[in-house]
Amino acid sequence: MIRVGMGYDLHRLVSGRPLVLGGVHIPFDKGEDGHSDGDVLLHAIADSLLGASGLGDIGSFFPPSEPRWKDADSRMLLSEIWQQVHGNGWNIENIDAVIALETPKFLPWRDAVCASIATVLGISPEQIFVKAKTGEGCDAVGQGEAVAVWATCLLSRPD
Ligand code: MG
């Protein structure tokens, strides 16, 4: 059996927070606002895995109302979610994601980000692809006020 999943997330970009994408700190003068570390890429990937497996969504696993998830490392959140999904017999075929980010440039960080995500999930970096688009100066992304991510995954499970 194969199942496709989709995840989406958006975080405001604010001063005084680190920009974290896929568990990698990217030097920038703003970062994601959020209850956890705000890693918008890992949040979208987590929701794609949960959507494909039908096990819920990231908010049901890690409610933002819980004080213990304050500034939590999202690699830990994704790892716990993947343990649940994998425990239900699912394997990852591939993950694909699009980051909507006006600045800074993402391309120099792509290989490190894919490697970081692969480490969290215990898969090969070749099973992950991440690309970035700007907002062309339009909307909150284009104005540099937010970063958004769309992620898809394909899961397989022996019939
Ligand atoms: Mg989020």
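Residues numbered from 1 in each chain as written. Predicted model: local features only at pLDDT ≥ 70, side-chain atom pairs only at ≥ 80, totals over all residues. Heavy atoms only, no water.

So, on to the nonpolar core. Most often, soluble globular proteins have nonpolar side chains that are buried together. Of all hydrophobic cores here, the largest spans 44 residues; its most connected members are Leu-41 and Leu-49. Contributing elements (two or more residues each) for this core: strand S2 (19-21), strand S3 (24-26), helix H1 (40-53), helix H3 (74-87), strand S5 (91-100), helix H4 (110-121), strand S6 (128-133) and strand S7 (146-156). Of all the elements, H1 adds the most residues to this core, at nine residues. Among residues more than four places away in sequence, those in contact with Leu-49 are Leu-78, Trp-82, Val-85, Ile-92, Leu-121, Cys-153 and Leu-155. (Core = buried A, V, L, I, M, F, W, Y, C linked by side-chain atoms within 4.5 Å. Buried < 20%, exposed > 50% of the residue type's maximum accessible area, 1.4 Å probe, protein only. Helix = DSSP H or I, 4+ residues; strand = E, 2+ residues; numbered from the N terminus. Contact = heavy atoms within 4.5 Å.)

Right, let's get into the layout of surface pockets. By volume, the largest pocket amounts to about 240 Å³. Lining the largest pocket are 15 residues, and of these Ser-36, His-43, Ile-58, Phe-62 and Pro-64 sit closest to its centre. A total of three residues in the lining of the largest pocket trace back to one element, the largest contributor, which is strand S1 (residues 2-15). Size it by volume and the second largest pocket reaches roughly 200 Å³. If you go around the second largest pocket, the residues you meet are Leu-101, Glu-102, Thr-103, Pro-104, Lys-105, Phe-106, Leu-107, Arg-110, Lys-131, Ala-132 and Thr-134. The residue makeup of the lining of the second largest pocket, split by class, is five nonpolar, two polar and four charged. (1 Å grid on protein atoms, 1.4 Å probe; cavity = no way out; pocket = protein on both sides within 12 Å on 5 of 7 lines; lining within 4 Å. Points joined across faces, edges and corners; volume = space filled by probe spheres on them. Nonpolar A, V, L, I, M, F, W, Y, C, P; charged D, E, K, R; others polar.)

This brings us to the sheet that holds S6. Pairing in this open sheet of five strands is mixed, and the strands run S4-S1-S7-S5-S6 from one edge to the other. The open sheet has two edge strands with one neighbour each: strand S4 (30-32) and S6. Ignoring which end each strand starts from, the neighbouring axes of this sheet average 20° apart. For S5 and S6, the ladder comprises six bridges, and the chain directions are parallel. The residue bridging Val-98 from the neighbouring strand is Lys-131, located in S6. Packing of H4 onto the sheet brings it into contact with S5 and S6, and relative to S6 it is tilted by some 140°. (Pairing = 2+ DSSP bridges. Axes fitted to C-alpha atoms, helices over the stretch in contact; angles between N-to-C directions.)

For the rest of this paragraph, the subject is a nonpolar patch on the surface. Where nonpolar side chains cluster on the molecular surface, the patch consists of Met-6, Tyr-8, Leu-10 and Trp-150 and spans about 420 Å² of accessible area. It is S1 that contributes the most residues to the nonpolar patch, three residues altogether. Residue position: Trp-150 is located in strand S7. (Patch = residues over 30% accessible without salt bridge, like charges linked within 9 Å, V, L, I, M, F, W, Y side chains within 5 Å. Areas by Shrake-Rupley, 256 points an atom, 1.4 Å probe, with all protein chains shown as cover. Salt bridge = Lys/Arg side-chain N within 4 Å of Asp/Glu carboxyl O.)

Pro-104 follows Thr-103 through a cis peptide bond whose omega is 0°. Among the structural elements, Pro-104 can be located in the loop between S5 and H4. Despite not being glycine, Glu-136 shows a phi value in the positive range, around 55°. Within the fold, Glu-136 resides in the loop between S6 and helix H5 (139-142). Residue class for Glu-136 comes out exposed when judged on its relative accessible area of 67%. Even without glycine at this site, Asp-139 takes up a positive phi of about 50°. Relative to the assigned elements, Asp-139 resides in helix H5.

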